Amino acid sequence: MPLLIRIKIHLYIGVIFCVVCTNTLGQEITDLTSLVNQQIDIRLKDGSLLAFAEVKTAEAGKVEGSIRNLKVQFPDSQRVKSIPVSRVIELYLNDLPLDVSYDRKQRCLYHDIEKKLDRNEYIREVEARLAPNRDRFWKPLTDEEHEKFMTIHREFIKKTRSTLNHIPFREVETKFFVFLTDLTPAEVDGYIVYLDAMYEQLCKAFGLSPQKNIWCGKCVVVAFREKNDYLAFERALMNTDGQGTQGLCHQYGDGKVIFVGFRGDNGYFGHVLVHETTHGFIHRYMTSARPPSWLHEGMADWLADAIVKGEQIRREQINSAITIIRNNGWGDFLTTDRIAGEHYGAASTMVQMLLERSKKGEFKNFFDGIKEGKPADQSLKENFGLSYQDLKIMYAQIAARLARSK
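This structure is a prediction, so every number in the text was calculated from the model and none was measured. (Residues numbered from 1 in each chain as written. Predicted model: local features only at pLDDT ≥ 70, side-chain atom pairs only at ≥ 80, totals over all residues. Heavy atoms only, no water.)

Trainee: Whenever I open this one, the packing of helix α9 (residues 344-357) against helix α10 (residues 362-371) confuses me. Can you help?
Mentor: The angle between the axes and the distance between the axes are what describe a pair of packed helices. Axis separation between α9 and α10 bottoms out at 8 Å; the angle between their running directions is 125 degrees. Taken together, the axis directions place α9 and α10 in an arrangement best described as oblique. Contacts between α9 and α10 involve Val351, Leu354, Leu355 and Arg357 from the former and Glu362, Phe363 and Phe366 from the latter. For the contact of α9 with α10, the residue count by class is 5 nonpolar, no polar and 2 charged. (Axes fitted to C-alpha atoms, helices over the stretch in contact; angles between N-to-C directions. Helix = DSSP H or I, 4+ residues; strand = E, 2+ residues; numbered from the N terminus. Parallel < 35°, antiparallel > 145°, perpendicular 65-115°, else oblique. Contact = heavy atoms within 4.5 Å. Nonpolar A, V, L, I, M, F, W, Y, C, P; charged D, E, K, R; others polar.)

See the structure below:
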């Protein structure tokens, strides 16, 4: 699948409110000159995404419905910026692709019917792969739909306050997160820095704009000081047993994400917070398809270590290596629905190993393939040219070095 189509497949089909006209073959085409005064997102050929661009000028080109010049203004600037249409790979209106291509001969950007047909066909293929596991694309949400989710979140917060009325809760709301907590303002401020860094890094890794909201409404964070309050919350409001955990990410079929955890005194809460909300971000990325446990946990641990820092992950990687060498293998590590705690270090080592081999977007394409319903070993082969057996051999070499480093 060409990069051109792969970039666009991540967005669901929906209604685009834009002027259309009919070409000489009777096919409807989008008139790109009608974008003036509308807000769009612009994907450039280097993979970057320019979000919330208000179109000021869209000069008509020689091809019907095309533009030869595009000038936009961003919310944080008074300056009108010219965007060379030759650098544009896609335009999005209401988070939906307009299926544009650049005509080198006519030097204009036009609505490409063939590109649209290819995208729609590939979406049907992906939906067919997702269907057996009841997975689906996440639809772009309107402002009204985000607000409906916020109403649900506020009711949830109200219920939490009522159920645990002995706790002096306060709310802290940021652009993408809503905290309900009994932690101090200074403590919360530090954790917000971690969450913002997590969000920005994952958006960058997946080619999303960090200005865009991936959550349904916002991500709810319930952060307790004491373990007993956390466990009481999990029992009363989540109907789960949180024993043995410091935090859990609750992910729902409608797209909601709620993190719950307690700070305690082990100095590890920042790592738990980033790790678990990374799971939530992955849940909301592209489709509801879930990556294999080793990849899911490995990505969450690797990112938490990159943001929070510390020696915990390194110790986990060394201990995992020693355990795997001692047991002469890791059993069903690559295929199990839930890897053992002793294997988390191996998972983050594997992710780090693949990231280091990713020079031209191989890791993103590998992960995207999984979110598009492909088996992980198939997507690994297609994008890295590696089999699961190759991964085992590569890991064995790294594990030997890690074990010697203790």
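Trainee: Help me understand the pattern of salt bridges in this model?
Mentor: It is possible for side chains of opposite charge to pair when their charged atoms get near one another. Scanning the model with the defined rule gives 15 salt bridges in all. Between glutamate 59 and arginine 68 there is a salt bridge; the shortest N-O distance is 4.0 Å. The class of glutamate 59 is partly exposed, set by a relative accessible area of 37%. For aspartate 254, the salt bridge is made with lysine 256, and the minimal N-O distance between the two is 2.8 Å. Given a relative accessible area of 34%, aspartate 254 falls into the partly exposed group. Here the salt bridges do not stand alone but share partners, grouping Asp41, Asp95 and Lys212 into one network. (Salt bridge = Lys/Arg side-chain N within 4 Å of Asp/Glu carboxyl O. Buried < 20%, exposed > 50% of the residue type's maximum accessible area, 1.4 Å probe, protein only.)

Trainee: Please explain the pairing of strand β15 (residues 257-262) as it appears in this structure.
Mentor: In terms of burial, β15 is a largely internal element, 6 of the 6 residues being buried. Residues Val257, Phe259 and Gly261 of β15 are buried on one face, and the alternating residues Ile258, Val260 and Phe262, pointing to the opposite face, are buried as well. Pairing geometry for strand β13 (residues 219-224) and β15, over 5 bridges, is parallel. If you follow valine 221 over to β15, its bridge partner there is phenylalanine 259. Here strand β14 (residues 247-251) pairs with β15 via 5 bridges, running antiparallel. Across the sheet, residue leucine 248 finds its bridge partner in β15, namely valine 260. Turn length for the β14-β15 hairpin, with the two strands adjacent in sequence and antiparallel, is 5 residues, and the turn residue glycine 255 shows positive phi of about 105 degrees. (Pairing = 2+ DSSP bridges.)

Trainee: Can you walk me through the pairing of strand β6 (residues 80-83) in this structure?
Mentor: Walk down a regular strand and you will see the side chains alternate between the two sheet faces. Bridge analysis of strand β5 (residues 67-73) against β6 gives 4 bridges, and the strand direction is antiparallel. From the neighbouring strand, valine 72 faces β6, where its bridge partner is lysine 81. The loop that links β5 with its antiparallel partner β6 comprises 6 residues.

Trainee: Just to check I follow, could you spell out the packing of aromatic side chains for this structure?
Mentor: To describe a pair of aromatic rings, one takes the distance between the centres and the angle between the planes. One pass over the full model with this rule turns up 21 aromatic pairs. When the ring of tyrosine 199 is compared with that of tryptophan 215, the centres are 6.2 Å apart and the planes differ by 40 degrees; the resulting orientation is tilted. Here tyrosine 199 is found in helix α4 (residues 185-205), whereas its partner tryptophan 215 is found in the loop between α4 and β13, with 16 residues between them in sequence. There is no split in this pair, since tyrosine 199 and tryptophan 215 are both buried. Taken together through their ring pairs, the aromatic side chains of Phe176, Phe177, Tyr199, Phe206, Trp215, Phe281, Tyr285 and Phe367 make up a single cluster. (Phe/Tyr/Trp six-rings, centres within 6.5 Å; stacked < 30°, edge-to-face > 60°.)

Trainee: Help me understand the sheet that holds β13, please; the structure alone is not making it clear to me.
Mentor: Sheet strands line up and pair through hydrogen bonds in the backbone, either parallel or antiparallel. One open sheet holds the 5 strands; their spatial order is β11-β12-β13-β15-β14, and the pairing between them is mixed. Each of the sheet's edge strands pairs with one partner strand only, and the pair in question is β11 (170-173) and β14. If you compare each strand with its neighbour and ignore which way they point, the axes differ by 15 degrees on average. Of the pairings in the sheet, the one linking β11 to strand β12 (residues 177-181) comprises 4 bridges and is antiparallel in character. The residue bridging glutamate 173 from the neighbouring strand is valine 178, located in β12. This element, helix α3 (residues 143-163), spans β11, β12, β13 and β15 of the sheet and lies at about 5 degrees to β12.

Trainee: Just checking my understanding: could you explain the environment of aspartate 95 for this structure?
Mentor: Position of aspartate 95 relative to the elements: it lies in the loop between β7 (88-93) and β8 (96-97). Classification of aspartate 95 as partly exposed rests on a relative accessible area of 24%. For the pair formed by aspartate 95 and lysine 212, sequence separation is 117 residues and the distance between their alpha carbons is 9.8 Å. Of note is the side chain of aspartate 95, whose polar atom sits 3.0 Å from the side chain of lysine 212. (Polar contact = N/O pair within 3.5 Å; in protein donor to acceptor, adjacent residues only side chain to side chain.)

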